[in-house]
Amino acid sequence: MHNLANIYYDHSDFEAAEYWFRQASAAGHTRAMNNLAVLLDKLGDIEEAESWYRRAASGGNSNAMYNLATLLYQYGDRADAESWYHRAAVAGHLDAMYNLARLYEQRHHYDEAESWYAEAADNGDIDAMNNLGLLLRDRGATTEARRCFRRAADLGHPRAMANLAALLESEGAHREAESWYRRAAG
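Residue numbers run consecutively from 1 along every chain, following the written order of its sequence. Residue-level local features of this predicted model are given only where pLDDT is at least 70; pairs of side-chain atoms are given and counted only at 80 or more, and the full residue set underlies all totals for whole chains, interfaces and linings. Side-chain metrics rest on all non-hydrogen atoms present in the structure, leaving aside hydrogens and water.

Asker: What is the right way to read the overall build of the protein chain from this model?
Answerer: To qualify as a helix, a DSSP run of H or I must reach at least 4 residues; to qualify as a strand, a run of E must reach at least 2; elements of each kind are numbered from the N terminus. Across its full length, the protein chain holds 12 helices and 0 strands. Listing the helices and strands of the protein chain from first to last along the sequence gives α-α-α-α-α-α-α-α-α-α-α-α. For the protein chain, the C-alpha atoms occupy an extent of roughly 65 × 35 × 25 Å along the three principal directions. Counting over 186 residues, the protein chain shows a buried share of 39%. Sequence separation of at least 24 residues holds for 35% of the intrachain contacts in the protein chain that already meet a minimum separation of 6. Only the protein chains shown count as cover for residues, and all accessible areas are computed by the Shrake-Rupley method using a 1.4 Å probe. A total of about 9700 Å² of accessible surface is found on the protein chain, and carbon and sulfur atoms cover 46% of it. Of note, the protein chain has its 19 positive side-chain charges centred 5 Å away from the centre of its 28 negative side-chain charges. Accessible area is worked out with a 1.4 Å probe on protein chains only. A residue is then buried under 20% of its type maximum, exposed over 50%, and partly exposed in between. What makes two residues a contact is simply this: any of their non-hydrogen atoms within 4.5 Å. Positive charges come from Lys and Arg, negative ones from Asp and Glu, while His and the chain ends are left out of the count. Taken as the charge centre is NZ of Lys, CZ of Arg, CG of Asp or CD of Glu, depending on the residue.

Structural data, given as structure tokens:
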């Protein structure tokens, strides 16, 4: 049922997709619940979407936890959003780790932000690598910041390239800084 719903969704037959997502959801399929919520959110039924996200998230679906947190954040419920981002991050959801780190950073909880950026970076999130570098740089840990920027820059992140270049320039490594600025501009 879930796979059939996905086919209908992919072909923009949202009425049929909704029907089959509901059938699979009624059978307890948490991915179907999450996907039904995504569809309802897309169709503008935010209240029912939130309800299905909550059901799927309570059933352990980390994508639903993340999507619920994003929905809550979008509509101003920052505390509940943070709680769901945290649950999703603990469950291994990479985007949740990054967003949780950003929330902590916005609230000036830098140790928590650093920890979650590091976790996301260790799992391959190059935006987290760059943001961790910025946080470390601002905290005076330039050696660690350089390492983060270089790691993200080596993976092709243009802002990390520019941040690495600026850090190298401030340390007097002008030639290497110029090379990174050129790569960032290119």
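Asker: How do you make sense of the packing of aromatic side chains when you look at a structure like this?
Answerer: Aromatic ring pairs: the centre-centre distance and the angle between the two ring planes describe each pair. Each Phe, Tyr or Trp ring (for Trp, its six-membered ring) is paired with any other whose centre lies within 6.5 Å, and the angle between the two planes then decides the class: stacked below 30 degrees, edge-to-face above 60, tilted in between. On inspection of all chains with the given rule, the structure shows 4 aromatic pairs. Centroid distance Tyr19 to Trp20: 4.9 Å. Interplanar angle 85 degrees. Geometry classified as edge-to-face. The rule is short: NZ of Lys or CZ of Arg within 6 Å of the ring centre and within 35 degrees of the ring normal puts a charge over the ring. In this structure, Arg78 is placed above the aromatic ring of Tyr73, and the distance from its NZ or CZ to the ring centre is 4.0 Å. The ring of Trp84 carries Arg87 above its face, with NZ or CZ at 4.0 Å from the centroid.

Asker: So what exactly am I meant to see when it comes to the environment of Phe14 here?
Answerer: As for its position among the elements, Phe14 is in helix α2 (residues 14-26). Taking the relative accessible area as the measure of exposure, Phe14 reaches 21% and is therefore partly exposed. When the C-alpha atoms of Phe14 and Ala81 are compared, they prove to be 27 Å apart, with 67 residues separating the residues in sequence.

Asker: Would you take a moment to explain unusual backbone geometry for this structure?
Answerer: Most of the time, phi is negative for any residue but glycine, and the peptide bond is trans. Its identity as a non-glycine residue notwithstanding, Ser12 has a phi of 60 degrees, on the positive side. On the secondary structure map, Ser12 appears in the loop between α1 (2-10) and α2. Here the phi dihedral of His108 falls at roughly 65 degrees; this positive angle occurs in a residue that is not glycine. Turning to its location among the elements, His108 is positioned in the loop between α7 (94-106) and α8 (110-122).

Asker: Where do I start with the side chain of Asp125 in this structure?
Answerer: Following the sequence through the fold, Asp125 ends up in the loop between α8 and α9 (126-138). Any Lys or Arg side-chain nitrogen located within 4 Å of an Asp or Glu carboxyl oxygen qualifies as a salt bridge. Of the side chains with opposite charge, Arg159 lies nearest to the buried Asp125, which makes no salt bridge, at 8.4 Å. Each polar contact in these results corresponds to two N or O atoms within 3.5 Å; when the atoms are within protein, one needs to be able to donate a hydrogen and the other to accept it, and residues that are neighboring in sequence are counted only if both atoms are side-chain atoms. A polar side-chain atom of Asp125 sits 3.0 Å from the main-chain amide nitrogen of Asp127. A distance of 2.8 Å separates a polar atom in the side chain of Asp125 from the backbone nitrogen of Ala128.

Asker: Help me understand the nonpolar core, please; the structure alone is not making it clear to me.
Answerer: Nonpolar side chains tend to gather and get buried jointly when the protein is soluble and globular. Here the nonpolar core consists of buried residues drawn from Ala, Val, Leu, Ile, Met, Phe, Trp, Tyr and Cys, with membership extended through side-chain atoms lying within 4.5 Å. By size, the foremost hydrophobic cluster in this structure holds 57 residues, and its most contacted members are Phe21, Trp84, Tyr85, Trp116, Tyr117 and Trp180. In contact with Phe21, not counting residues within four places along its chain, are His2, Ala5, Asn6, Tyr9, Ala32, Asn35, Leu36 and Leu39.

Asker: In this structure, what is going on with the side chain of Asn163? I would like to understand it.
Answerer: With respect to the secondary-structure elements, Asn163 resides in helix α11 (residues 158-170). The exposure class assigned to Asn163 is buried, which follows from its relative accessible area of 17%. Here Asn163 is in contact with Asn130, Leu134, Arg137 and Phe149, once residues within four sequence places are set aside.

Asker: Even after reading the chapter, I still don't get the pattern of salt bridges, so can you show me in this structure?
Answerer: Side-chain pairs of opposite charge can arise whenever the charged atoms involved come near each other. Throughout the structure, instances matching the rule amount to 13 salt bridges. The salt bridge involving Arg139 is made with Glu114; its shortest N-O contact spans 2.5 Å. One end of the pair, Arg139, is in the loop between α9 and α10 (142-154); the other, Glu114, is in helix α8, and 25 residues separate them in sequence. A salt bridge links Arg146 to Glu171; the nearest nitrogen and oxygen atoms lie 2.8 Å apart. With Arg146 in helix α10 and Glu171 in the loop between α11 and α12 (174-185), this pair connects stretches of sequence that are 25 residues apart. The class of Arg146 is partly exposed, set by a relative accessible area of 22%.

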